[in-house]
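Chain by chain, the residues:
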Number of protein chains: 2
Amino acid sequence: MVATDKFKKMPETATFNLSAYLKERQQLCETALDQALPVSYPEKIYESMRYSLLAGGKRVRPILCLATSEMMGGTIEMAMPTACAVEMIHTMSLIHDDLPAMDNDDYRRGKLTNHKVYGEDIAILAGDGLLAYAFEYVAIATPLTVPRDRVLQVVARLARALGAAGLVGGQVVDLESEGKTDTSLETLNYIHNHKTAALLEACVVCGGILAGASVEDVQRLTRYAQNIGLAFQIVDDILDITATQEQLGKTAGKDLKAQKVTYPSLWGIEESRVKAEQLIEAACAELDVFGEKAQPLKAIAHFIISRNH
Amino acid sequence: MVATDKFKKMPETATFNLSAYLKERQQLCETALDQALPVSYPEKIYESMRYSLLAGGKRVRPILCLATSEMMGGTIEMAMPTACAVEMIHTMSLIHDDLPAMDNDDYRRGKLTNHKVYGEDIAILAGDGLLAYAFEYVAIATPLTVPRDRVLQVVARLARALGAAGLVGGQVVDLESEGKTDTSLETLNYIHNHKTAALLEACVVCGGILAGASVEDVQRLTRYAQNIGLAFQIVDDILDITATQEQLGKTAGKDLKAQKVTYPSLWGIEESRVKAEQLIEAACAELDVFGEKAQPLKAIAHFIISRNH
């Protein structure tokens, strides 16, 4: 049966090899990202965009997008342009966050930050260029077999996850709360729901939408993503305290230095770990209805809290 | 006949009142922009976005978009979300261009620039937020009567006009040529085709696409837009020399001070004026085929070279 070919690569047993799965998908994403953005005139801006876009990273976001498409009966091909777009958006947010006027960071993923290599002006423009290209790429590269209304929904959701109602809004509240020691749990949740969870949610939900997920399935995917998004941030906060700069590939201990209120500073490290685990369990429970096809997304959820960088 | 209602407002005589037309359209755009972006939490970012978006300006870009939609048999309603989006993109490019790391401007449209009021961090984020919202707004607010594939084409064209193949690329080459006195005419044309003409072209072409313009018509609209785009920039260069800061609402004489090569510096002011007029004539000739319905776009083209600010 030809129609089931696309599921052949899906893991069918409980002994799912996540490490091999992630490695294979990372490679697919690297190749796709490299091909999505060839160098053209004026070379400097493309090189600057590619410097940050191809600087490695775990590619968790695009992999989540592809995995959700497959779980919902779609293919890697139909989700790959969106997977590339979420990584472009994520990269753009890192470039702008690292600027002197923002977090003023010199290192990212073990390399000099974009503005340290190309200058502030080019770094600002590289972020703008990646942002614009993310939307162009979804619009022009998504296979024509995907109905256009689904692609347009993806554009709207990616844009919302990025804008003032998403990432940008989270960053603003984060900047406002810097140096304050009385930040409430409500505000902290707002920051992370918007700075981290919103884009992770868009990755998962857009993968589902491209594959034709129903309204009910989209709600399920949303709850899965919101839970792993918050767990992801709690683990990030813990790692900022416990990991070394070498492991992180970026400046460690930043939050303490900036006197930021974090989950560990509110709950302690152990309690934070417990909360993260509970969130992951809740996330996985949402996917039980999809049976064995949910294995990759469940394994990725557990990976998020076990990572050490 | 109900079907012709939408043309009732179209000018039918040679005594087309451009001033009244522009005033009416500007008001429509102001209202639409104000309603498109209500203030929400976190207020600071929305206020910063609205500060620049609603800072006046001639609204030439959105008016071109609406006018082209109407000329091609479409309506104001179907083009208004795209018209708002082009103004959001234009505003975003101004906010980022004015930053200290870029052109370092204190005034814009007679008001303090965004970063002078809200700080550099918020100004960067306000630009990002406007950019993201431009795409979200086109995707969610364009009436469902417009086929989704047309809306997706608009997303792709707006993104391209903005990115490294458009505005961003033009800005990069502009930055590179600053302080150089041997910039070639070819480079100068590249800068302006990308910094100015690309977005003007997107305004016009997207207005046409939304209304269902044919491939041939899109080509015609493209040529019209490229010609007025270049004329627009030549006039900008002339005004930078001849107009006062009060007339411009921004710092005057910037190009001379930055030792920039401009059209007047290559051709002289009089020759530049003649070239601009020739470009406008060529632009209008492209629209002859559309008869009287082309009157607003032709009048706007002439307005571009007669303006004094």
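Residues numbered from 1 in each chain as written. Chains lettered and ligands numbered in written order. Predicted model: local features only at pLDDT ≥ 70, side-chain atom pairs only at ≥ 80, totals over all residues. Heavy atoms only, no water.

J.: Before we move on, can you summarise the overall build of chain A with the specific residues and values?
T.: Across its full length, chain A carries 15 helices and 2 strands. Taken against the 2.2 N^0.38 rule, which gives 19 Å for 309 residues, the C-alpha radius of gyration of chain A at 19 Å falls within 12% of a compact globule. If one aligns the C-alpha atoms of chain A with their principal axes, the spans along those axes are about 60 × 50 × 30 Å. By residue count, 59% of the 309 residues in chain A fall in the buried class. When contacts within chain A are restricted to residue pairs at least 6 apart in sequence, long-range pairs at least 24 apart make up 74% of them. (Helix = DSSP H or I, 4+ residues; strand = E, 2+ residues; numbered from the N terminus. Rg over C-alpha atoms; globule rule 2.2 N^0.38 Å. Buried < 20%, exposed > 50% of the residue type's maximum accessible area, 1.4 Å probe, protein only. Contact = heavy atoms within 4.5 Å.)

J.: Lay out the side chain of B:Thr91 in plain terms, naming residues and giving numbers.
T.: In this structure, B:Thr91 sits in helix α4 (residues 76-98). When neighbours within four sequence positions are excluded, B:Thr91 is seen to be in contact with B:Ser52, B:Leu53 and B:Leu130.

J.: If you had to explain the packing of aromatic side chains to someone new, which residues and values would you point to?
T.: What the rule picks out here adds up to 11 aromatic pairs over all chains. Ring centres of A:Phe16 and A:Tyr21 lie 5.2 Å apart, and the angle between their planes is 65°; this geometry places the pair in the edge-to-face category. Both residues of the pair, A:Phe16 and A:Tyr21, count as buried. If you follow B:Lys275 out to its NZ or CZ, it ends over the ring of B:Trp267, 4.9 Å from the centre. (Phe/Tyr/Trp six-rings, centres within 6.5 Å; stacked < 30°, edge-to-face > 60°. Lys NZ or Arg CZ within 6 Å of the ring centre and 35° of its normal.)

J.: Can you explain the packing of helix α7 (residues 148-162) of chain B against helix α9 (residues 185-210) of chain B? Please cite residues and give values.
T.: All names here are of chain B. Running from N to C, α7 and α9 point in directions that differ by 175°, and their axes come no closer than 9 Å. With respect to their mutual orientation, α7 and α9 come out roughly antiparallel. Contacts from Arg150, Gln153, Val154, Arg157, Leu158 and Ala161 of α7 reach α9 at Ala198, Leu199, Ala202, Val205, Cys206, Ile209 and Leu210. Partitioned by chemical class, the residues of the contact of α7 with α9 number 10 nonpolar, 1 polar and 2 charged. (Axes fitted to C-alpha atoms, helices over the stretch in contact; angles between N-to-C directions. Parallel < 35°, antiparallel > 145°, perpendicular 65-115°, else oblique. Nonpolar A, V, L, I, M, F, W, Y, C, P; charged D, E, K, R; others polar.)

J.: Give me the relation of the copies chain A and chain B: which residues, what numbers.
T.: One chain copy maps onto the other through a rotation about an axis and a shift parallel to that axis. Overlaying chain A on chain B yields an RMSD of 0.0 Å, the required transformation being a rotation through 180° with an accompanying axial translation of 0.0 Å. Taken together, these values place the two copies in the relation of a two-fold axis. Looking at chain A, 100% of its interface residues are interface residues in chain B too, so the copies touch through the same face. (Least-squares fit on C-alpha atoms with pLDDT ≥ 70 in both.)

J.: Tell me what's going on with the environment of A:Gly170, and back it up with residues and numbers.
T.: Residue and element names in this part refer to chain A. By secondary structure assignment, the location of Gly170 is in helix α8 (residues 167-177). In this structure Gly170 comes out as buried when scored by relative accessible area, which is 0%. Along the chain, Gly170 and Leu188 lie 18 residues apart, while their C-alpha atoms are 9.4 Å from each other. Setting aside residues no more than four positions away along its own chain, Gly170 makes contact with Tyr190, Ile191, His194 and Lys195.

J.: Quick one: what's the story with the interface of chain A and chain B, residue by residue and with numbers?
T.: Contacts between the two partners involve 44 residues from chain A and, on the opposite side, 44 residues from chain B. Of the roughly 3,800 Å² buried at the junction of chain A and chain B (both faces included), carbon and sulfur atoms supply 78%. On the chain A side of the interface with chain B, the three residues burying the most area are A:Leu125, A:Glu136 and A:Leu152, jointly 15% of the side's total. Where chain A touches chain B, the interface holds 2 salt bridges. A salt bridge links B:Glu136 to A:Arg160, with the nearest nitrogen and oxygen atoms 2.9 Å apart. Looking at the side of chain A that touches chain B element by element, the count peaks at 13 residues for helix α6 (residues 120-141) of chain A. (Buried area = accessible area lost by both parts, 1.4 Å probe. Salt bridge = Lys/Arg side-chain N within 4 Å of Asp/Glu carboxyl O.)

J.: A description of a nonpolar patch on the surface should follow, citing residues and the corresponding values.
T.: Residues and elements named next belong to chain A. The grouping of Tyr107, Leu112 and Val117 at the surface amounts to a nonpolar patch, some 240 Å² of accessible area in total. Tracing the backbone through its elements, the reader meets Leu112 in strand β2 (residues 111-112). Residue class for Leu112 comes out partly exposed when judged on its relative accessible area of 35%. (Patch = residues over 30% accessible without salt bridge, like charges linked within 9 Å, V, L, I, M, F, W, Y side chains within 5 Å. Areas by Shrake-Rupley, 256 points an atom, 1.4 Å probe, with all protein chains shown as cover.)

J.: Explain the state of the cysteines to me, and be specific about the residues and the numbers.
T.: Counted by the stated rule, this structure contains 0 disulfides over all chains. Not engaged in a disulfide, the cysteine B:Cys29 finds its nearest cysteine sulfur in B:Cys84; these two sulfurs lie 6.7 Å apart. (Disulfide = S-S within 2.5 Å.)

J.: Give a detailed account of the pattern of salt bridges, specifying residues and quantitative values.
T.: All names here are of chain A. Within the structure shown, the criterion is met by 29 salt bridges over all chains. Across the salt bridge formed by Glu87 and Arg109, the nearest N and O atoms sit 3.6 Å from each other. With Glu87 in helix α4 (residues 76-98) and Arg109 in the loop between β1 (107-108) and β2, this residue pair connects regions lying 22 residues apart in the sequence. Judged by its relative accessible area of 1%, Glu87 is buried.

J.: Mind laying out unusual backbone geometry, listing which residues take part and the relevant values?
T.: Generally, phi is negative for residues other than glycine and the peptide bonds are trans, each holding for most cases. The linkage connecting A:Tyr41 with the following residue, A:Pro42, adopts the cis geometry, with an omega of -5°. Position of A:Pro42 among the secondary structure elements: in the loop between α1 (18-36) and α2 (43-53). Positioned with a positive phi, B:Arg59 is a non-glycine residue whose angle comes to about 60°. Looking at the element boundaries, B:Arg59 is found in the loop between α2 (43-53) and α3 (60-71).

J.: Give me the side chain of A:Glu201: which residues, what numbers.
T.: Residues and elements named next belong to chain A. With respect to the helices, strands and loops of the structure, Glu201 is situated in helix α9 (residues 185-210). The buried charged residue Glu201 lacks any salt bridge, with Arg157 as its nearest oppositely charged partner at 4.7 Å. The contacts of Glu201, once residues within four sequence positions are left out, are Thr222, Ala225 and Gln226. (Lys, Arg positive; Asp, Glu negative; His and termini not counted.)

Everything listed here is a matter of geometry and, on its own, says nothing about what the molecule does.
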